[in-house]
Amino acid sequence: MTDQPDSTSSPSFGQCLLRYRTEARLSQAELARLSGVSVRALRDLERGRAAAAQERSAALLASALGLSGDARESFVLLAKEGRRRSVRTGNRTMLYALPPSPGLVGRERELERLGGEAENGGVVVVVGPPGVGKTSLAVAAADKVASQFPDGCLALDLRGMDDRPVKPAVVLERLLTALGVPAGQIPTGEVELGSLYRTLLRDRRTLVVLDNAADEAQVRPLLAGSGRGLTIVTCRRTLAGLEAARWLTLDVLPAESAIDLLTSIVGEELVRNEPEAAKEIVALCGRLPLAVRIVGNRLAARREWSLGHLVRQLRDERTRLDALSAGDLQLRPAFEASLRRLSPMAQIVFRRLALIPGAHFDGDLAAVAAGVPADRVNVYLDELVEASMLSLASSPQRLHFHELIRLFAREHLASDEDEPTRVRLRDDFYAHVLFKASAAGQMFATDIASVTSDNPFDSLDAAQEWLDHETTNWLATQREVAALGRYQEALAFARAPHSYVHGRELKSRWDEVFEIGVRAARELDDQVSEVEMLTQLAWAQFQWLDDGQSALASIKEALSLAEEIGYHRGIMVAHACAGTVLLGLGRVDEGMRHSVRAYEMSAGYDVFDIRFSMATAYATALQVAGRFDEALEVHLALLTETESGPDGTHHQVAANAVFMLHSSLGDCFAGLERWKEAARHYHQATLLAGGRQPRYPSEAELLLREGTAWRKAGSPQRARNTFLRALTLLTGPGHHEDRVRAEAELAALPS
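Residues numbered from 1 in each chain as written. Predicted model: local features only at pLDDT ≥ 70, side-chain atom pairs only at ≥ 80, totals over all residues. Heavy atoms only, no water.

**Q** Quick question: what am I supposed to make of the confidence of the model for the protein chain here?
**A** Any residue range with low pLDDT should be treated as having predicted coordinates unsuitable for detailed reading. On average, residues of the protein chain score 87 in pLDDT, and 91% of them are at 70 or above. The least confident element of the protein chain, judged by mean pLDDT, is strand β1 (residues 93–96) at 61; the most confident is helix α18 (residues 344–352) at 98. Segment residues 1–11: pLDDT under 50, and 22 contacts once partners within four positions in sequence are set aside and those in other chains are kept. (pLDDT = per-residue confidence, 0-100. Helix = DSSP H or I, 4+ residues; strand = E, 2+ residues; numbered from the N terminus. Contact = heavy atoms within 4.5 Å.)

**Q** Explain the packing of aromatic side chains to me, please; I cannot follow it from the model alone.
**A** Using the criterion set out here, one finds ten aromatic pairs in the structure. Plain terms: the ring middles of Phe 335 and Phe 408 are 5.5 Å apart, the flat faces sit at 55° to each other, and that makes the pair tilted. One end of the pair, Phe 335, is in helix α17 (residues 332–340); the other, Phe 408, is in helix α21 (residues 403–416), and 73 residues separate them in sequence. With respect to burial, Phe 335 and Phe 408 carry one shared label: buried. Look at Phe 350 and Phe 401: their rings are 5.7 Å apart centre to centre, the planes differ by 80°, and that puts the pair in the edge-to-face class. Taken together, the residues Phe 350 in helix α18 and Phe 401 in the loop between β10 (399–400) and α21 connect sequence positions 51 residues apart. Residue classification places Phe 401 among the buried positions, given a relative accessible area of 5%. Arg 19 extends its terminal NZ or CZ atom over the ring of Tyr 20, reaching a point 4.6 Å from the ring centre. (Phe/Tyr/Trp six-rings, centres within 6.5 Å; stacked < 30°, edge-to-face > 60°. Buried < 20%, exposed > 50% of the residue type's maximum accessible area, 1.4 Å probe, protein only. Lys NZ or Arg CZ within 6 Å of the ring centre and 35° of its normal.)

**Q** What is the right way to read helix α23 (residues 460–469) from this model?
**A** An α-helix turns once per 3.6 residues; consequently, residues spaced three or four apart project the same way. Among the residues of α23, Leu 460, Ala 463, Gln 464, Trp 466 and Leu 467 are the ones counted as buried. Looking straight down α23, one finds its buried side chains confined to an arc of 160°; they lie on one side. (Arc of directions from axis to C-beta.)

**Q** Can you walk me through the side chain of His 662 in this structure?
**A** With respect to the helices, strands and loops of the structure, His 662 is situated in helix α34 (residues 651–671). Looking at His 662, the relative accessible area reads 9%, which means it is buried. What His 662 contacts, discounting residues up to four positions off in sequence, is Leu 639, Glu 643, His 681, Tyr 682, Gln 684, Ala 685 and Leu 688.

**Q** Is there a simple way to think about the layout of surface pockets in this case?
**A** Rolling a probe over the atoms, with the probe sized like a water molecule, indicates the empty space that remains. Space inside the second largest pocket adds up to approximately 990 Å³. Surrounding the second largest pocket, 34 residues form its lining, Gly 131, Thr 135, Ser 136, Arg 236 and Leu 290 being those nearest its centre. Broken down by secondary-structure element, the contributors of at least two residues to the lining of the second largest pocket are α7 (134–145), β4 (207–213), α14 (289–301), β8 (329–330) and α17. Grouping the constituent residues of the lining of the second largest pocket by class yields 16 nonpolar, nine polar and nine charged. (1 Å grid on protein atoms, 1.4 Å probe; cavity = no way out; pocket = protein on both sides within 12 Å on 5 of 7 lines; lining within 4 Å. Points joined across faces, edges and corners; volume = space filled by probe spheres on them. Nonpolar A, V, L, I, M, F, W, Y, C, P; charged D, E, K, R; others polar.)

**Q** Even after reading the chapter, I still don't get the environment of Leu 632, so can you show me in this structure?
**A** Within the element layout of this structure, Leu 632 appears in helix α33 (residues 628–643). Sequence-wise, Leu 632 and Cys 668 are 36 residues apart; in three dimensions their C-alpha atoms are separated by 5.9 Å. Setting aside anything within four residues of it in sequence, one finds Leu 632 in contact with Leu 665, Cys 668, Phe 669, Leu 672 and Arg 674.

**Q** I keep staring at the pairing of strand β5 (residues 230–235) and nothing clicks. Help me out?
**A** Each regular strand carries side chains that alternate between the two faces of the sheet. With six of six residues buried, β5 lies mostly within the body of the structure. Both faces of β5 are covered, namely the face carrying Leu 230, Ile 232 and Thr 234 and the face carrying Thr 231, Val 233 and Cys 235. In this structure, β4 lies alongside β5, joined through five bridges in parallel fashion. Across the sheet, the residue bridging to Leu 210 is Val 233, located in β5. (Pairing = 2+ DSSP bridges.)

**Q** How do you make sense of the nonpolar core when you look at a structure like this?
**A** Side chains of nonpolar character tend, in soluble globular proteins, to be buried together. Ranked by internal contacts, the top residues of the largest apolar core, which has 145 residues, are Leu 331, Leu 353 and Trp 474. Look past the residues within four positions of Leu 353 in its chain and what remains in contact with it is Phe 361, Ala 366, Leu 381, Leu 384, Leu 390 and Phe 401. Residues Phe 608, Ala 619, Trp 710 and Leu 749 belong to the second largest nonpolar core, which totals 44 residues. (Core = buried A, V, L, I, M, F, W, Y, C linked by side-chain atoms within 4.5 Å.)

**Q** How do you make sense of the packing of helix α25 (residues 487–495) against helix α27 (residues 510–523) when you look at a structure like this?
**A** Any two packed helices are characterised by the angle at which their axes cross and by the distance between the axes. The interhelical angle for the contact between α25 and α27, taken along N-to-C directions, is 135°, at an axis separation of 8 Å. In terms of axis orientation, α25 runs oblique to α27. Judged by the sense of rotation from one axis to the other, the crossing of α25 with α27 is left-handed. The segment α25 lies against α27, with Tyr 487, Ala 490, Leu 491, Phe 493 and Ala 494 engaging Val 513, Phe 514, Ile 516, Gly 517, Ala 520, Ala 521 and Glu 523. Of the residues assigned to the contact of α25 with α27, the class counts are ten nonpolar, one polar and one charged. (Axes fitted to C-alpha atoms, helices over the stretch in contact; angles between N-to-C directions. Parallel < 35°, antiparallel > 145°, perpendicular 65-115°, else oblique. Left-handed = near helix turned anticlockwise from the far one by under 90°.)

**Q** I'm lost on empty space enclosed by the protein in this one. Help?
**A** Within this structure, the stated rule accounts for two cavities of 30 Å³ or more. Put simply, the largest cavity is a space of about 80 Å³. Considering the residues around the largest cavity, the lining is formed by 13 residues, among which Thr 206, Ala 224, Gly 229, Leu 230 and Thr 231 are closest to the centre. Elements with a contribution of two residues or more to the lining of the largest cavity: β2 (122–127) and β5. Of the residues assigned to the lining of the largest cavity, the class counts are five nonpolar, six polar and two charged. In this structure, the second largest cavity encloses a volume near 40 Å³. For the lining of the second largest cavity, the residue count by class is two nonpolar, one polar and three charged.

**Q** Any chance you could explain the pattern of salt bridges here in plain terms?
**A** Think of it this way: side chains of opposite charge can pair up when their charged atoms draw near. All told, the structure shown has 43 salt bridges when counted by the stated rule. Where Arg 352 meets Glu 417, a salt bridge forms, and the shortest distance between an N and an O atom there is 2.8 Å. Taken together, the positions of Arg 352 in helix α18 and Glu 417 in the loop between α21 and α22 (419–442) put the pair 65 residues apart, joining distant regions of the chain. Here Glu 417 falls in the buried class, since its relative accessible area comes to 8%. Note that Asp 362 and Arg 398 form a salt bridge whose closest N and O atoms lie 3.8 Å from each other. Within this pair, whereas Asp 362 is found in the loop between α18 and α19 (363–370), its partner Arg 398 is found in the loop between β9 (391–392) and β10, the two being separated by 36 residues in sequence. (Salt bridge = Lys/Arg side-chain N within 4 Å of Asp/Glu carboxyl O.)

**Q** Please explain unusual backbone geometry as it appears in this structure.
**A** Generally, phi is negative for residues other than glycine and the peptide bonds are trans, each holding for most cases. Located in the positive-phi region is Arg 159, a residue other than glycine, with phi close to 55°. The residue Asp 525 is not glycine, and still its phi comes out positive at about 55°. Along the polypeptide, Asp 525 turns up in the loop between α27 and α28 (527–543). Relative accessible area serves as the criterion here: at 62%, Asp 525 is assigned to the exposed category.

If you want it as structure tokens, here you go:
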């Protein structure tokens, strides 16, 4: 049986001896015969009972084992260090060239992860943007796990963001010196230095922290290979080219942790007295630890300041980065260092992306904003993501700035691009976004012939996906275009998505879209458009803001103006909207009168032009009034007409109309307690829903209605199957109430 080293004592030389003897396939007796070292001495060395062999014995053992070159030199050096340790028990290799780290807040999960990596060994790369706290995490982790590395800790700042990062050869010389290699025995070439370094660490349990790395070329020679130790690398770049590494991506702090960090600096009393200001401060800092620490230090140094005073300074985007400075602790230089290391073209793309006003964007918008061909822009976007100057969003193929980095990019856009270029790029971007937004809205038109040949979307799904993903961009673009006095463009967009908006779950600020439309129409003295925009605004105020009184005021204004100018269509739609709002406010009789008036006025219009909307609004009013038989008659007539719609009607628009009618018919039959018929119409609506979201009612809601109808119709098994299907869609916290409802329905069914 092979003796195992005693793990409680320093194992380096003994483990090395055991490994080399095993590789040479020598027994202890055979090695003793070849080297002249006794079997007992070999046993004590391999079990760690003896620290190391004497210099002459180590040389004899190396010869007997057939060692040469770096392996022989490392073996002899390990023996020497082992003897040195035996003289001063507990002396560990130490080279700690990192600054002391301030208290770490809000990184418990990451610390736990690195603690687990200490057991695995190998290489872990901690990646994140400037100021996110990579060094603080690495230092805290090193302190936490140091006891697991009996052979010591090596920590160096590689100065990767400097104009001249430390060369690998220089780092290796410092590391080898710390490992006890005499100056005269340190090689001169980088390859030889790396080979000796890896040989020395191969049998040691050592922690190495390489902070602030530049790139893979700097780091790769400094990795210990397959040794028993752990190397933690921190870098703003991803270092995706490193082999066999594991990655820990560091993001900004959660809001609560950011407030905890601020509290740890300024004290509990200040935060307790102004809790809302504290929340706003960490939000304005983008929850970036360095930014929060800077504002905390500023407050701690100026005790007469309130949190509210600092909030007022930070709110101004033009001076926010200036405010994020406390002595030599500054945010802007950290960003500048990363910018300098980008390629020239990536620097141009970086600053031009500041033209994009939304929360996130894709490669298409990036190419337009940067003025770069679409087939080339991804090269520069990848470089920016690699450098942590852009981040990947939660949605596929989406990118976003940290808000403070966006402000930094905006500064460089203003200082590094001449005004004609900025204006040209801005106008090109606005034109592109408004064209695509209008084209997407056009796809929802009822008449397929109205879709122009240059429309970039080939389906309603593609148009809906673009509108959903680019919400923050088209809304901000419309806002900025209106602010520039380009009212015709702002109004054109506000009119385009009318058909897209209705019949869907609201996710965007449509009230703001239509408020801008109203303002633009008035500036253009376009009273017809003003009526239409006021009507749409009323609908959005009611549906989005749940503000019935504001909606009623807007619709009264629209109706008055429409009657004043004799705009028949505008009068009709305003009556329909007024009916919906009044019904929602519980004023059923008034609402019914407006709904009837709109329905009667729509008689001369095509069903897919406007009559469908007027008829469904009227039928809905009848349902609210409890007149389900009459509502059923209206819906059934519409269904017959819709299913045999005229040629040229957009098939997906027609399908959406049929979907809405089956859903409404289900509601009517349910109101009449004709449960089997209700269930069948709900079922047909779920088939037409096809899983597409957002849609109202959603597929899950329809399944709940269908299941209830089957239960009341006396079909428990069909009800059970339907509720189970609903549960598969009701995931996440936003569906808690509906999930409880479905589970209660299932529990009530007979077994």
